[in-house]
Structures are given as structure tokens and as C-alpha cells.
Amino acid sequence: MGINFDRFGDWVGKFTSPTAAPANDDPDPAFRDFNQAVRLHPKDAESYYKRALAYSKAEKKEQAILDLDQAIQLKPGHAQAWLKRGLIHAELKNYPAAVRDFDKVILLQPNEAETYWRRALAYVEFGQDQQALRDADRAIQLRSSEPKAFMARGLAKINLGDYEKAVSDFDRAIALAPDYADAYHERGAVKGFILRQYEPAIQDFDQAIRIQPQSSKFYITRGNARLHLRHYEEALHDFNHAVSLRPNDAEAYLARGVIHRKMHKGEAAIRDFDMAIALQPDFAEAFSFRGECYSSQLKKHEQAVQDLNRALELRPDLIDAYFQRGNAYRRLEKPQLALLDYFQVIQRDPDFVGGYQERGRVYLMLGQLDRALWDFNHVIQIKAHDAQSYLNRGLVYLEMKDYEKAIRDFDEAINFKPHFAEAFLQRALAFGREEKLEQAKTDLDAAEKLAKGSYPGQRAMTIDRTDLLEKIHQARDEFHAASKRHDQLAPPFTGDKELTNSIAGGLSKGDGRPGTK
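Residues numbered from 1 in each chain as written. Predicted model: local features only at pLDDT ≥ 70, side-chain atom pairs only at ≥ 80, totals over all residues. Heavy atoms only, no water.

Engineer: Hey, could you go over the overall build of the protein chain for me, with residue numbers and the actual values?
Structural biologist: A tally of regular secondary structure across the protein chain gives 27 helices and zero strands. For the protein chain, the proportion of its 517 residues judged to be buried stands at 54%. A sequence separation of at least 24 residues applies to 56% of the contacts in the protein chain between residues at least 6 apart. Put simply, the protein chain shows about 23600 Å² of open surface, and 49% of that area lies on carbon and sulfur atoms. (Helix = DSSP H or I, 4+ residues; strand = E, 2+ residues; numbered from the N terminus. Buried < 20%, exposed > 50% of the residue type's maximum accessible area, 1.4 Å probe, protein only. Contact = heavy atoms within 4.5 Å. Areas by Shrake-Rupley, 256 points an atom, 1.4 Å probe, with all protein chains shown as cover.)

This is how it looks when you write it as C-alpha cells:
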């Protein structure tokens with residue numbers, strides 16, 4: 001989860017290491033008096049410390065650090081100089097240096113609660129969560145009324161997987177400071193994105209926004225929670241508001257692009273991802289999302305591969321980019337390249353279900369049915385209620401001519417997803433193979449209504465199903481001819497193998513990645 005240090009003061013900026021110490025006698029008139037004090041008292045630590053505070057307030061962080069270095073050299077016991085330098089290091093995301101400075105403050109002032117919770121926050125940022133927990137506990141012992149100490153402990157507990165106790169710590173922080181916006185935000189994040197309690201999470205985000213209505217990150221987080229609830233219009237409203245608050249924030253455009261992609265507004269999503277990349281050219285995730293959108297929504301698979309290659313150049317550990325590139329190669333009918341990417345996904349994350357799902361689909365396309373069956377069995381063991389997995393395994397059984405097992409799997413797919421047009425179509429084909437033409441025709445009728453969006457109780461259509469309708473009409477013609485001939489339906493029509501491969505390779509709009517269906 002982690003935190004941003006701008007929650008605890010006006011700490012912003014990125015870390016840069018100066019190659020040479022700049023002249024600290026700033027020509028800005030605002031620093032004239034501070035410069036004069038340093039010139040008159042060059043051995044006075046306090047003069048450097050005061051000018052450092054002024055530099056820090058003016059966002060001149062490196063110059064502030066130079067003056068704090070000088071103050072500490074002149075007066076090694078200057079606890080406030082050590083503390084301030086630690087805060088600036090934390091602001092610049094140089095957390096190990098911040099911890100070292102806080103260590104010195106604690107040696108000088110071992111009973112000051114603030115230094116412990118600030119060091120705890122720095123520890124959280126670079127993964128030293130047990131140390132963070134110890135520091136937060138110590139801060140609470142010293143000052144049990146400090147809400148930021150409970151915040152620090154809650155963040156450490158999140159990283160340690162102790163989610164219920166993390167929520168309790170955020171509860172305590174809020175009880176101590178009812179207008180503590182970030183405590184509401186973190187509590188909502190745990191409830192929503194870890195405990196899957198999205199409605200209570202949104203209530204917390206509402207409170208955070210009420211307290212700090214100009215914070216774009218709160219709108220982005222609430223939008224993501226609404227996205228999980230499929231409240232797409234409300235989510236889009238939040239992301240639009242985030243962009244209006246911070247028009248130069250690449251993260252805000254990325255978030256809005258994701259909701260546009262979810263709403264099947266591919267061109268709008270691409271524009272948002274373009275803007276995110278323009279603002280942050282090394283934004284690997286933006287390249288990955290744009291590549292996925294090019295492939296899945298705009299059918300521009302070659303452009304998708306270029307974007308996904310760039311994403312992996314920037315972040316070779318970005319698993320989702322391997323996954324999406326594999327999907328693009330599959331759609332380009334380059335199965336061997338797709339397999340290489342799916343192997344990368346599975347090797348890097350053996351619990352990534354989508355990797356097995358999509359690899360199985362490629363094996364099915366290649367006719368390697370035993371391997372496809374193993375992958376789909378593995379997915380069903382992990383996700384026992386996943387309709388797409390049962391459809392895919394049913395397709396394997398259909399190719400194996402084990403029609404009874406195929407029908408059972410299509411039954412399960414329809415049970416878990418009652419408006420699953422592809423499952424009705426494939427079950428119709430399996431019934432046809434068994435010469436159960438009336439059942440086959442009933443399923444074709446249902447598949448056609450679903451593909452047209454006219455089935456009773458069906459949600460409004462968001463995707464074009466023209467290709468699926470063509471396959472259904474082809475199957476209907478073949479069934480009609482077979483019924484007239486009173487002949488066996490195996491094979492039902494010349495294109496049956498092509499149909500199975502087509503559906504396995506992309507008729508389903510879900511790509512196996514969590515949150516994309």
C-alpha cells in the first residue's frame with residue numbers, strides 16, 4: 001500500500017543528487033536577510049538552520065540540505081537540524097538517508113514521539129515493516145493521543161498482512177482526529193481493495209473528499225472502487241474531476257483511460273493514455289494499458305506489440321505487459337510468440353490464473369489438446385466458478401469428441417454466467433453432434449437473442465457481436481439442412497473447427513486478467 005509523504009506536511013518533489021555543491025548565497029531578494037546573517041556569523045549553526053528552513057519552504061530542497069549539512073557540522077547536537085534534514089530526505093524519497101537522520105535525532109532526544117512515527121513512515125516506504133511497527137508502537141507509548149502514530153502502525157500492518165488490525169489503527173486515528181482525511185482514505189483502501197467491501201470503502205472516500213475536496217488522489221481512489229462495482233458513469237465522473245484538479249497528473253489520465261476502456265470507449269481511452277505518456281514519457285504502465293487497448297478494442301495488434309515492447313523496456317518485471325503482449329501475438333496468429341510470453345507470466349507469477357487460461361487457449365488453437373486440458377483443469381481448480389474456464393475446457397472436450405463432458409462444461413459455464421452467448425452456441429454444436437437437434441435449435445435461439453442483446457433480463461450490450469451472429473446463422477443453416485436430411489450432424493459444417501478456434505482465440509471479450517471481464 002505505502003504512503004506519500006505529502007500527507008504529513010508539504011513534502012513534494014523527486015530525489016536528485018547534485019553533482020556539485022551549488023553556491024548557497026541565493027540572489028533571490030527573499031533570501032537577502034538570511035544571506036547577510038550567514039555572512040556576518042559564518043560559524044553560527046543557527047544562521048544556516050534558519051536559511052535552510054527558508055529554502056525548504058521555497059521548494060529549494062538541495063540548497064536546504066547543504067545549509068543543514070553546515071549547521072550539523074558546526075553543531076552536531078542540533079536535533080532540529082537532523083530532524084529537518086531527515087524530513088527533506090523523506091520528501092525527496094531518499095528514505096534510507098531519512099532513517100539515518102532520524103536515528104541521530106532519537107539518540108539526542110530518545111523520548112520524542114514524533115521522531116519515532118516519522119521514522120516508522122520512512123521504514124514503511126522501503127519495506128522495513130517490522131522496524132516500522134516497533135517505532136510506531138514506541139511512538140504510541142510515548143504519546144497515545146498522536147493520530148499519525150496510529151496511521152504509521154496501520155500502514156505497517158497492511159504490508160504485514162494484518163488487515164483487520166490495520167483498520168482498527170485507522171479507526172483509532174480517526175477517533176483522535178475526526179478530520180484526518182488520509183486516515184479515511186487508507187481505511188477505505190483496505191476495506192475496498194483488500195477486503196472487497198466496496199460500499200463501506202466508498203463511504204470513507206466520501207469523507208476524505210468532504211474534508212479535502214481539492215485532493216485528486218481521493219477522487220481517483222473512489223473512482224477505482226466504483227469501477228469494481230461497475231458503477232462506470234460515477235467512476236468516470238470521479239476521474240474527470242481528478243483530471244480537472246490536476247491537468248498535469250499522468251496518473252489521473254491513466255485512471256480515466258482505464259474507465260474509458262472498461263466502457264468500451266477505445267478511442268477515448270487511447271487519448272487518455274496518450275496524454276499520460278506525454279506527461280510522463282517513462283510511464284511503463286501507460287504503455288502497457290495503451291497496448292492492451294489497441295489490441296483488445298481497436299484491433300491494432302502491431303501497434304499494441306510496439307507499446308508493450310516499450311513497456312517492458314521500461315519495466316522488465318511488468319507481468320501484465322507480458323500477458324497483454326501474449327494476447328496481441330495470439331490475435332496476430334503468432335502462437336509460438338504468444339506461448340513464450342505466457343511462459344514468462346507463469347514463471348514470474350505461478351498464481352497468475354490468466355497465464356494458464358490464455359496458454360490453454362493457444363494450445364487449443366494449435367490442437368495440443370492434452371496440454372490445453374491440463375491448463376484449463378488447473379484454472380478451474382483455482383477459480384471453480386469461472387464461466388470462461390468451463391467454456392474453454394468444454395471446447396477441448398468438443399475437439400476430443402467427448403460430447404457429454406463438453407455439454408456438462410457448457411452447462412456449468414451457463415450456470416455461472418446465464419447470459420453467456422458463446423456457451424449457448426457451443427452447447428448447441430455439442431447437441432448437434434449428438435443428433436439432439438431440437439435442443440441444439442433451442443440453444444441457438446438463446447445464443448442469437450443474447451448476441452443481439454434482446455434476451456429477457458439481459459444488460460444493455462456494450463460490444464459488437466456481429467462475428468458471433470454470423471457463426472450462429474451459419475450453424476442454424478447447417479442444422480436446418482441436417483434436419484431435412486435426417487442425417488448425422490458430425491461434423492455439423494465445414495467451418496466448425498474454425499469456429500472453435502475463433503472463439504478460443506478471442507470471441508470472448510474477457511482476457512483472463514482480473515477485472516477485465
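Engineer: Requested: an account of the packing of aromatic side chains, with residues and values cited.
Structural biologist: How two aromatic rings sit relative to each other is set out by the distance from centre to centre and by the angle between their planes. The full count for this structure, using the stated rule, is eight aromatic pairs. Centroid distance Phe193 to Phe205: 6.3 Å. Interplanar angle 20°. Geometry classified as stacked. Here Phe193, found in helix H10 (residues 181-194), pairs with Phe205, found in helix H11 (residues 198-211); they are 12 residues apart in sequence, far enough to count as distant. For Phe193, a relative accessible area of 26% corresponds to the partly exposed category. The buried category is assigned to Phe205, whose relative accessible area is 0%. Ring-pair connections join several aromatic residues into one group, and the members of that group are Phe193, Tyr198 and Phe205. Over the ring of Tyr116 we find Arg138; its NZ or CZ atom is 5.9 Å from the centre of that ring. (Phe/Tyr/Trp six-rings, centres within 6.5 Å; stacked < 30°, edge-to-face > 60°. Lys NZ or Arg CZ within 6 Å of the ring centre and 35° of its normal.)

Engineer: Can you break down the packing of H10 against helix H12 (residues 216-228) residue by residue, with the values?
Structural biologist: Where H10 contacts H12, the two axes come as close as 11 Å, and the packing angle between them is 20°. For the element pair H10 / H12, the angle class is roughly parallel. Considering the relative orientation of H10 and H12, their crossing is left-handed. Residues Ala181, Asp182, His185 and Phe193 of H10 form the contact with H12, whose own contacting residues are Lys217, Phe218, Thr221, Asn224, Ala225 and His228. Its residues assigned to classes, the contact of H10 with H12 comprises four nonpolar, four polar and two charged. (Axes fitted to C-alpha atoms, helices over the stretch in contact; angles between N-to-C directions. Parallel < 35°, antiparallel > 145°, perpendicular 65-115°, else oblique. Left-handed = near helix turned anticlockwise from the far one by under 90°. Nonpolar A, V, L, I, M, F, W, Y, C, P; charged D, E, K, R; others polar.)

Engineer: Now, about the environment of Glu46: what can you tell me, with residues and values included?
Structural biologist: With respect to the helices and strands, the residue Glu46 is situated in helix H2 (residues 45-57). Here Glu46 falls in the partly exposed class, since its relative accessible area comes to 29%. Along the chain, Glu46 and His78 lie 32 residues apart, while their C-alpha atoms are 8.9 Å from each other.

Engineer: Lay out the packing of helix H24 (residues 421-433) against helix H25 (residues 437-452) in plain terms, naming residues and giving numbers.
Structural biologist: Two elements in contact, H24 and H25, have axes separated by 8 Å at closest approach and are oriented at 160°. Taken together, the axes of H24 and H25 are roughly antiparallel relative to one another. Taken as a pair, H24 and H25 cross one another with a handedness that is left-handed. On the side of H24, the interface is formed by Ala421, Phe424, Leu425, Arg427, Ala428, Phe431 and Gly432, while H25 contributes Leu437, Gln439, Ala440, Asp443, Leu444, Ala446, Ala447, Leu450 and Ala451.

Engineer: How would you explain the pattern of salt bridges if you had to name every residue and give the values?
Structural biologist: Pairing between side chains of opposite charge can happen when the charged atoms of each approach one another. Applying the stated rule across the entire model yields 42 salt bridges. For Arg290, the salt bridge identified is with Asp307, shortest N-O distance 2.6 Å. A residue pair is termed long-range when its members are at least 10 positions apart, and Arg290 in helix H16 (residues 284-296) and Asp307 in helix H17 (residues 301-314) qualify at 17 residues. Both residues of the pair, Arg290 and Asp307, belong to the buried class. Residues participating in the shared-partner salt-bridge network are Asp206, Arg222, Arg226, Glu234 and Asp238. (Salt bridge = Lys/Arg side-chain N within 4 Å of Asp/Glu carboxyl O.)

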